[in-house]
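Take a look at the letters that make up each chain.
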There are 2 protein chains.
Amino acid sequence: MSKLLAVGSTAFDAIETPFGKTDKILGGAAPYIGLAASQFGIEVAIVSVVGEDFPEEYLSMLRKRNIDTSAIEIVKGGKTFFWSGRYHNDLNSRDTLETQLNVLGDFNPVIPEHHKDADVVLLGNLHPLTQLGVIEQMASPKLIVLDTMNFWMDHTWDELMQVIARTDVITINDEEARQLTREYSLVKAAQKIREMGPRYVVIKKGEHGALLFHDDNIFFAPALPLEEVFDPTGAGDTFAGAFSGYIAATGDTSFENMKNAVIYGSNLASFCVEKFGTERMQKLSKEEIRKRLLQFKALTQFEIELT
Amino acid sequence: MSKLLAVGSTAFDAIETPFGKTDKILGGAAPYIGLAASQFGIEVAIVSVVGEDFPEEYLSMLRKRNIDTSAIEIVKGGKTFFWSGRYHNDLNSRDTLETQLNVLGDFNPVIPEHHKDADVVLLGNLHPLTQLGVIEQMASPKLIVLDTMNFWMDHTWDELMQVIARTDVITINDEEARQLTREYSLVKAAQKIREMGPRYVVIKKGEHGALLFHDDNIFFAPALPLEEVFDPTGAGDTFAGAFSGYIAATGDTSFENMKNAVIYGSNLASFCVEKFGTERMQKLSKEEIRKRLLQFKALTQFEIELT
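All of the points below concern the structure found in this document. (Residues numbered from 1 in each chain as written. Chains lettered and ligands numbered in written order. Predicted model: local features only at pLDDT ≥ 70, side-chain atom pairs only at ≥ 80, totals over all residues. Heavy atoms only, no water.)

### Here we look at the interface of chain A and chain B
Listed by partner, the interface residues are 38 residues for chain A and 38 residues for chain B. Buried area between chain A and chain B, both sides added, is near 3,700 Å², and the carbon and sulfur share of it is 57%. When residues of chain A are sorted by the area they lose upon contact with chain B, Phe 302, Ile 304 and Leu 306 of chain A head the list and together hold 20% of the total. Linking chain A with chain B are two salt bridges. Glu 228 of chain A is the partner of Lys 188 of chain B in a salt bridge, and the nearest nitrogen-oxygen pair spans 3.0 Å. Our enumeration of links across chain A and chain B arrives at 24 residue pairs in polar contact (both at pLDDT 80 or more). (Contact = heavy atoms within 4.5 Å. Buried area = accessible area lost by both parts, 1.4 Å probe. Salt bridge = Lys/Arg side-chain N within 4 Å of Asp/Glu carboxyl O. Polar contact = N/O pair within 3.5 Å; in protein donor to acceptor, adjacent residues only side chain to side chain.)

### Comments concerning the relation of the copies chain A and chain B
Each copy of the sequence occupies a distinct position, and chain A is placed on chain B by a rotation of 180 degrees and an axial shift of 0.0 Å, giving an RMSD of 0.0 Å. The symmetry that links the two subunits is that of a two-fold axis. Taken as a fraction of all interface residues of chain A, those also at the interface in chain B reach 100%, which identifies the copy contact as same-surface. (Least-squares fit on C-alpha atoms with pLDDT ≥ 70 in both.)

### Brief notes about the nonpolar core
In terms of nonpolar packing, the biggest core is built from 223 residues, with Leu 5, Phe 243 and Leu 268 of chain A together with Leu 5, Phe 243 and Leu 268 of chain B touching the most fellow members. Residues within four places of Leu 268 of chain A in sequence aside, it is in contact with Ala 36, Gln 39, Phe 40, Thr 238, Ala 242, Met 281, Leu 284 and Ile 289 of chain A. (Core = buried A, V, L, I, M, F, W, Y, C linked by side-chain atoms within 4.5 Å. Buried < 20%, exposed > 50% of the residue type's maximum accessible area, 1.4 Å probe, protein only.)

### Brief notes about the pattern of salt bridges
All names here are of chain A. Under the counting rule described, the total for this entry stands at 33 salt bridges over all chains. The salt bridge involving Lys 3 is made with Asp 117; its shortest N-O contact spans 2.9 Å. Of this pair, Lys 3 sits in strand β1 (residues 3-7) while Asp 117 sits in the loop between β9 (94-100) and β10 (120-123); the two residues are 114 residues apart in sequence, bridging distant segments of the chain. Residue classification places Asp 117 among the partly exposed positions, given a relative accessible area of 46%. Sharing partners across several salt bridges, the network here consists of Glu 274, Arg 280, Glu 288 and Arg 292. (Helix = DSSP H or I, 4+ residues; strand = E, 2+ residues; numbered from the N terminus.)

### Here's the deal with the side chain of Thr 238 of chain A
Relative to the helices and strands, Thr 238 of chain A is located in helix α8 (residues 235-250). What Thr 238 of chain A contacts, discounting residues up to four positions off in sequence, is Tyr 32, Ala 36, Leu 268, Ala 269, Cys 272 and Met 281 of chain A.

### Describing the environment of Gln 295 of chain A
Position of Gln 295 of chain A among the secondary structure elements: in helix α11 (residues 286-300). For Gln 295 of chain A and Lys 21 of chain A, which are 274 residues apart along the polypeptide, the C-alpha to C-alpha distance reads 30 Å.

### Thoughts on the environment of Asn 257 of chain A
Residues and elements named next belong to chain A. Topologically, Asn 257 is positioned in helix α9 (residues 255-272). Apart from residues no more than four positions distant in its own chain, Asn 257 is found in contact with Tyr 246, Ile 247, Thr 250 and Asp 252. Of the polar contacts made by the side chain of Asn 257, one reaches the side chain of Thr 250; its length is 2.7 Å.

### Some points on the packing of aromatic side chains
Going through the model one piece at a time under the given rule, you end up with 19 aromatic pairs over all chains. Judged by centre distance (6.0 Å) and plane angle (75 degrees), the rings of Phe 40 of chain B and Tyr 246 of chain B are edge-to-face. You can see Phe 40 of chain B sitting in the loop between α1 (29-37) and β5 (43-51) and its partner Tyr 246 of chain B sitting in helix α8 (residues 235-250), a full 206 residues away along the chain. Of the two residues, Phe 40 of chain B and Tyr 246 of chain B, both sit in the buried class. A network of ring pairs unites the aromatic residues Phe 12, Phe 54 and Tyr 58 of chain A as a single cluster. Across from the ring centre of Phe 82 of chain B, 5.2 Å away, lies the NZ or CZ of Lys 24 of chain B, which sits over that ring. Geometry around Tyr 184 of chain B places Arg 178 of chain B over its ring, the cationic atom sitting 3.8 Å from the centre. (Phe/Tyr/Trp six-rings, centres within 6.5 Å; stacked < 30°, edge-to-face > 60°. Lys NZ or Arg CZ within 6 Å of the ring centre and 35° of its normal.)

Function-wise, these values are silent; they only describe arrangement.
Quick look at the structure:
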């Protein structure tokens, strides 16, 4: 069976959207990634760090979804990373109200021996040097997928360039792609990012879908038009988790198969936003994913005879 | 052979984009619509109005593209509608610098007898009472397609509701759909618009593509990702013209065929934005459209086996 190793934050999130607000709930990139990737029948391990305040029930929930949590470090006396944010009315933008790095500030992931042979490595959004440290510890992964954000472009440019150079696939949102390349056109931005290292560039456009670039090929996966987006938190991590999980399950890194992977990324992300936090992903079934795939086909597939 | 009748403005445009600026060039909805629709081998007539200052060479260019211009009224001593605008750096928004309605202010289209039997009627963006007046003159078109904009929502709400109630298909952009329905979700907005009359709702999202809604079905046509968008003027009219031209050519108003029509709308619009004004559309060949259709297929079509 194929193995996926994902590194990322685990957090308490407090979220406000136009539809309501939450107390501290499970958040961070790693749980979203794990819950998405584990849908593909592969071995999924997440490497992360939490404080002593982190409830055992969250870990046990992840284990029940077939996620290996043995590499989640629990720091004695430490407090778990906390983030709170408020979404604007259109849900396309948000303000961070508070960030307490806590144990994440000293996170120095140690990959257990039995996880070093993972086929696919997904580096969730973290300090680029932390991401590089993970790459150094791995044996010879078939695919390294990187997620990052504008914060690292602003503060750790050189280190970010180093990790980008070592990855096969980067997932990044449209504004970040523009910031990274100073190109407004996403086609030009993707070309420049590929020159930095990754063979594949996935540009996420939120409610406007995602673009996959490779050589001269472009593929587009729309977001599913929904009556209501309830909470966008974790949609990008879910996308990356499903994308990487599908690649690990199929063992096929061709462009044709990457197309399917972005469709699955978009598929699972469309569930994620239907409820607060990880709630929807915790109960998601394979049958629901299958039905939604049919919706994606109906949404995008057409038959025009060439004359 | 099928007949399409299109009513819309004909203008002089003066356009500024980050890439340059033009003197007065050919503009208005009608030329864009005509140039797009005439690609589909049907009889296309445009009903419009110009002043005595309108160059004969523009009319002759349209006729050479197999567009019937006999219903373009030339007002003696009148001046042609003039619009000038400046696009912002992202090309997604623009400021109108000047509008001179001139002969368009008194436009009262009279449909020639031999055009009253058109199969498809496309009502370009005009005063809703002008659009209603055209519907009244037609015999029994198979399909009435309406384009409109926020200006009429602000100033002639009741009249706009009357014309919307009489149409089969409405094309409208995302912000306008939200304004028309006070719904942020485009899925909900489309439902409300269908309750106003049209069986089909096309919501145009510019560089983010277009959504087609009918009953419980949704189809999505992406915009082609381009290295450079040069001038977005007329892209919406070109979309509507190609959409309507394809429907007229096929004589098929089923949802399956409407899907193809929005793909062709997006296809031809992707050419329109490559040059200033109508320049690209004047020289567009069937072979170029065919090749771009292959690009749209590559961009959107995928093969996932359901398990």
